[in-house]
Amino acid sequence: GGNYPGGWLHEKLRGEGLVYEVHAFNLFGLDHRHFQIQAITNPASVEKVKAIVLQQIERIKKGEFTDDELAIARKIAITEDITEHQTNSQQAMAAAVDELYGLGYDFSSQFPRRIEAVTRQDVLRVANKYLTNFATAIVTQKQEEKNPGQK
């Protein structure tokens, strides 16, 4: 599902009423980049949500997805890319970052072609190489303390 509602995580976590929203996406920077899964849930569901996310990652690493699911994932990735590069400023930023990374200013314009070429073996190779080490960050809201004199 990426940044759109849908996909395994959305179906499982939203289907069980465990999260308000869930997204998976890449974050890039000048020196570091990472893949992030973000789930917004209540404190009582954190451990269950974390366990389900890890189960779904293992499914990907084992190749437990259909050719249709892979085709849908390709279409979603291409659609997200198109929506993220609609304006002149978005296109200019992509060209600048691609140049900065040494990829060439037109690298991003080739994204749809590259995504269409992704195979099941590519997904397995990348998942098993990169979806191995993880960190969990749990962010909660501080509970307001009541004044002893207040009701």
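Residues numbered from 1 in each chain as written. Predicted model: local features only at pLDDT ≥ 70, side-chain atom pairs only at ≥ 80, totals over all residues. Heavy atoms only, no water.

Novice: Could you clarify how one ought to interpret the environment of Arg-125 in this entry?
Specialist: Looking at the secondary structure, you find Arg-125 in helix 6 (residues 120-130). For Arg-125 and Gly-63, which are 62 residues apart along the polypeptide, the C-alpha to C-alpha distance reads 9.9 Å. (Helix = DSSP H or I, 4+ residues; strand = E, 2+ residues; numbered from the N terminus.)

Novice: Help me out: how do you make sense of the packing of aromatic side chains in this one?
Specialist: The relative placement of two aromatic rings is captured by the distance of their centres and the angle of their planes. This model, assessed by the stated rule, comprises 0 aromatic pairs. Over the ring of Trp-8 we find Arg-59, and its NZ or CZ is 3.6 Å from the ring centre. Lying over the aromatic face of Phe-65, Arg-120 brings its terminal NZ or CZ to 4.3 Å of the ring centre. (Phe/Tyr/Trp six-rings, centres within 6.5 Å; stacked < 30°, edge-to-face > 60°. Lys NZ or Arg CZ within 6 Å of the ring centre and 35° of its normal.)

Novice: Please clarify how the nonpolar core should be interpreted in this entry.
Specialist: Note that soluble globular proteins tend to have their nonpolar side chains buried in a common cluster. With 9 residues, the main nonpolar core is built from Leu-9, Leu-13, Leu-18, Val-19, Val-22, Val-49, Ile-52, Val-53 and Ile-57. Among the elements that make up this core, the one with the highest residue count is helix 2 (residues 46-62) (4 residues). (Core = buried A, V, L, I, M, F, W, Y, C linked by side-chain atoms within 4.5 Å. Buried < 20%, exposed > 50% of the residue type's maximum accessible area, 1.4 Å probe, protein only.)

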